[in-house]
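One-letter residues, chain by chain:
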Amino acid sequence: MIDGISFVQKELLLPIISGGVLVFAAFIFKEWQTRNKGRFTLNAIVAFITLFALILIILEPSKEVEVQHKQGLLLTEGYRTALQDSLESVYQGIEVLEYNPKQSVRRALDSLTSLVVIGDGVAPFDFYKFDSIPTSYLPNEITLGITKVKFNDHLVLGDEFRLSGTYAKSKSGSILVLQDSRGNGLDSILLKDKSSQNFSLKTVPKVSGDFIFQLSQKDSVGKVLASNPLPITIRVKEPIRVLIVNTFPTFETKFLKNFLADQGYEVTVRSQLTKGKYKFEYFNTKASPIYQFTEGSLSKFNVVITDTETYFNFGKTVKNRFEHRIRENGLGLFIQPTELLFKLGIAMPYFSFKSDGVNEVQLPNSTVNIEKYPFTFNETFAVNAIDSNELGKLSYYKQLGLGRVATTTLLNSYQLLLQGKDQAYKSIWTQILDKIVQRKEQAVAWQWQTELPKVGEPFSFVLRTGLEDFQVLNTEEKRVPLLQNANVSFKYSGTTYPKKAGWNTLEVEGDSTTQFSYYVYDADDWKSLSASNTRAANTKKFGKEIKENKTVMLNRPISLLFFYILFLLGIGWLWLSPKLSSQS
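The following paragraphs examine the structure supplied in this document. (Residues numbered from 1 in each chain as written. Predicted model: local features only at pLDDT ≥ 70, side-chain atom pairs only at ≥ 80, totals over all residues. Heavy atoms only, no water.)

## Overview of the overall build of the protein
Line of reasoning, step 1. Scanning the protein from terminus to terminus reveals 13 helices and 35 strands.
Line of reasoning, step 2. Since a compact globule built from 584 residues should have a radius of gyration of about 25 Å, the 35 Å found for the protein marks it as more spread out than a globular shape.
Line of reasoning, step 3. Overall, the protein is about 125 × 65 × 45 Å in size when its C-alpha atoms are taken along their principal axes.
Line of reasoning, step 4. Counting the 584 residues in the protein, one finds 44% classified as buried.
Line of reasoning, step 5. A separation threshold of at least 6 residues defines the contact pool for the protein, and within that pool the share at least 24 residues apart is 64%.
Line of reasoning, step 6. Total accessible area on the protein stands at roughly 31,100 Å², and carbon and sulfur atoms take up 53% of it. (Helix = DSSP H or I, 4+ residues; strand = E, 2+ residues; numbered from the N terminus. Rg over C-alpha atoms; globule rule 2.2 N^0.38 Å. Buried < 20%, exposed > 50% of the residue type's maximum accessible area, 1.4 Å probe, protein only. Contact = heavy atoms within 4.5 Å. Areas by Shrake-Rupley, 256 points an atom, 1.4 Å probe, with all protein chains shown as cover.)

Dropping the structure here:
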C-alpha cells in the first residue's frame, strides 16, 4: 500500500524549490508587463505546471511500498555452489548477493525482508550491519587443516613454550613441526588418518626478544605443505616482590613460599602467632617486617598473597588501602581459598560462585588429577579465566583499575609436589602469578581484543592509564581515535587498521617507553583456523534456523514519463504562445 511520497534527491529539495519559485516569479513579472496581449492567466498556469514537472524530474519522486517476502542469499568465502542452487530452487526469486568485507552491503540489505548466509560466514567486525534484518547461517563443512590452536605468546625466559590445537581431516604420513625463527625443528608430531586429531608441541626458548616461530606441515619426504607464524615475546625475568600474609601457617603456604624462593622471587612471609605477634620469614630479600598495611608498606611489593580469613577480617580502612594500591598502582592480590570464600555471598565483592559438586578434576592436556572445592566461577560476574587451556577455568582474575584480584577453586595444590608432579605445580602457579603480578611501573597498560589481526582489518585494543590529554600513534605514526569509558575514567578503547603484516606498534605520542607491539598476520596465514573461528562466530550470532520474514517499507521510484510529457507540452506552449499573440 502507498503510505507516502518521498524523493531520491532529498538533499536538493530546498535549493530546487527555491530556484523554481524564483524562476516562476521572474516569469510572472515578465508576463505582467505584456498582460494586455492576453493569455496571461493561461500562460501562468502552464508555466507553473511546467516548472512543477521539471522539479519532480530532478528530485525523482518515489512511493513507499510495503514488502513482506523478499529474501536474500549472501555468498561468503568458501560457499558451496550446490547449496546455492538448492536454495535458489526452493526460494524462487531469492536475491543473490556476494559478500566483500571491504565493501558495504547495508544498502542492498535495506530492501530485503530476511537473509540466508552460506559459506564460511561474515567477518565478526561486520555483524552490526545485519542487526536490522532476520539472518540465518548455514555453515560450511569443516575444512581440512588446523581448526583450533592455543599457545602462550608471552613468556619469561626459562619458561616452557606450549602449543596445542586440533587438526581436522588429517591424513597419515604428514607431520606437524614446531620451528624456531631460523627454521630449526624444535618438536614434532605425526598426523594420523583421522577426522579430527588433537596435538601438543613444546620447547624451552633460550634467548629473550620478539620472535616468529613457525608451525609447519610437511609430507613424508620433508616437503613443506603449509606454514603458519607463531609470534612470541620472551622477556627476561624481573625481580618480583611477593608478600604472603596468613592468620596461621598452612601447608599450601609452606610449599608455595619455597617454590617462589627457588624461582627467584623476593618473598616476605608474615604469619600470625598470637594477637599482635607475628613470625616473619625472608627469601632472596633483606629483613623488613611489615606490621601495618600502609600505602608505604604496600608500595614495596608487586603482589600480595593472603588467605580468605585474613583478608576479609581486615578493617575497612586497610581494605580500602589495598584497593587503592590495586586500582591506582597495579598491585596484584591473590586470595587463597578456604571454605569461607564460598560462603561469603554478597559480602564477596570480586567473585561469585555456584556449586558444581565436583571435588576432583583432570587438568587439560595432561593426565594430572587435582583436588578442588565443589564450586565453579560465575563467569557473568565480569571476571577473566587465567589460561583456561592450562588450568581448565579453575582460576580467575578480576580487573580493578590498573591491578587485578585473583583466586582459584584449587584445593591443596601442594600435593602435586608430594606426588612428584613438579611441572604441573610450577605451571599452575606461574600462570596465576604471571596474570596478576605488577611488573615495572607502567604509565599505560595495553590489552588487545582482536584474536587474529589481519592486514586491512580492524584491530581493537583497550588501554588503561592515568594520563590526561594524550594521543595514541600507530605504526604509520597516525593518531588513533580513542573512546573513554563513561564509568571507568582511565579506561580507553580504540581501533586501528594495520597496513602491513608483521610486528606493528602502538604508543603514546612523545613517549616511546609506552610502546606496545602486536603481530599482524597476512591474509593467507591461518586460513583454516580463521574460517573455523568465523563459522563458530556466525553460528552463535545468527543460528541455523531460517528466520521469519519481516515487513520492510521500500521507496520505489515513480515513473517520470508523465512528467516529461507535461514538461515538453508546457515548454512547447510557452514557446508558441507569443507567436500566436503577435499574429492576432
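## Considering the sheet that holds strand β30 (residues 479-480)
Line of reasoning, step 1. Taken together, the 4 strands give an open sheet; going across it, the order is β30-β29-β33-β34, and neighbouring strands pair in antiparallel fashion. This sheet does not close on itself; its edge strands, each paired only once, are β30 and β34 (511-520).
Line of reasoning, step 2. Summarising the sheet, strand β29 (residues 472-473) and strand β33 (residues 502-508) pair through 2 bridges and their orientation is antiparallel. The partner of L473 across the bridge, within β33, is E507. (Pairing = 2+ DSSP bridges.)

## Digging into the packing of helix α1 (residues 13-33) against helix α2 (residues 40-59)
Line of reasoning, step 1. Across the interface, α1 lies against α2 with an axial gap of 10 Å and an inter-helix angle of 160 degrees. Taken together, the axes of α1 and α2 are roughly antiparallel relative to one another. For the crossing formed where α1 meets α2, the hand is right-handed. In contact with L13, I16, G20, V23, F24, F27, I28, E31 and W32 of α1, α2 contributes F40, N43, A44, A47, F48, L51, I55, I58 and L59.
Line of reasoning, step 2. Of the residues in the contact of α1 with α2, the class split is 15 nonpolar, 2 polar and 1 charged. (Axes fitted to C-alpha atoms, helices over the stretch in contact; angles between N-to-C directions. Parallel < 35°, antiparallel > 145°, perpendicular 65-115°, else oblique. Left-handed = near helix turned anticlockwise from the far one by under 90°. Nonpolar A, V, L, I, M, F, W, Y, C, P; charged D, E, K, R; others polar.)

## Brief notes about the nonpolar core
Line of reasoning, step 1. If you look at the biggest cluster of nonpolar residues, it comprises 33 residues, and the most contacted ones within it are V242, L260, I305, I428 and W429.
Line of reasoning, step 2. It is helix α11 (residues 422-436) that provides the largest number of residues to this core, a total of 7 residues.
Line of reasoning, step 3. Filtering out sequence-adjacent residues up to four positions away, W429 remains in contact with E252, L256, F259, F334 and S413.
Line of reasoning, step 4. Ranked by size, the runner-up nonpolar core spans 30 residues in total, among them L243, L298, F314 and L331. (Core = buried A, V, L, I, M, F, W, Y, C linked by side-chain atoms within 4.5 Å.)

## Regarding the pattern of salt bridges
If charged atoms from side chains of opposite charge come close, those side chains can pair.
Line of reasoning, step 1. One pass over the structure, following the stated rule, counts 10 salt bridges.
Line of reasoning, step 2. With a closest N to O distance of 2.6 Å, D434 and R235 form a salt bridge. One end of the pair, D434, is in helix α11; the other, R235, is in strand β14 (residues 224-235), with 199 residues separating them in the sequence.
Line of reasoning, step 3. With a relative accessible area of 30%, D434 lands in the partly exposed category.
Line of reasoning, step 4. For the salt bridge of E295 with R325, the shortest nitrogen-to-oxygen distance reads 3.9 Å. With E295 in helix α6 (residues 295-298) and R325 in helix α8 (residues 316-329), the pair connects residues that are 30 residues apart, well separated along the chain.
Line of reasoning, step 5. Among the residues examined, E295 registers a relative accessible area of 32% and is labelled partly exposed. (Salt bridge = Lys/Arg side-chain N within 4 Å of Asp/Glu carboxyl O.)

## Observations concerning the pairing of strand β10 (residues 175-179)
Line of reasoning, step 1. Most of β10 is tucked away: 4 of the 5 residues are buried.
Line of reasoning, step 2. Here 5 bridges tie β10 to strand β11 (residues 185-190), and the two strands are oriented antiparallel to one another. Considered in β11, the bridge of V177 is made with S188.
Line of reasoning, step 3. What sits between the antiparallel neighbours β10 and β11 is a turn of 5 residues, in which G183 has the positive phi angle 90 degrees.
Line of reasoning, step 4. Here β10 pairs with strand β13 (residues 209-218) via 5 bridges, running antiparallel. Note on β13: the bridge partner recorded for L176 is Q217.

## Some thoughts on the pairing of strand β9 (residues 161-170)
Line of reasoning, step 1. The buried fraction of β9 amounts to 9 of the 10 residues, a majority that puts the element mostly inside the structure.
Line of reasoning, step 2. Where strand β7 (residues 145-151) and β9 come together, 6 bridges link them in antiparallel fashion. Across the sheet, residue F151 finds its bridge partner in β9, namely L163.
Line of reasoning, step 3. One ladder, built from 9 bridges, connects β9 with strand β12 (residues 194-203); its direction is antiparallel. Note that in β12 the partner of L163 across the bridge is L201.

Function-wise, these values are silent; they only describe arrangement.
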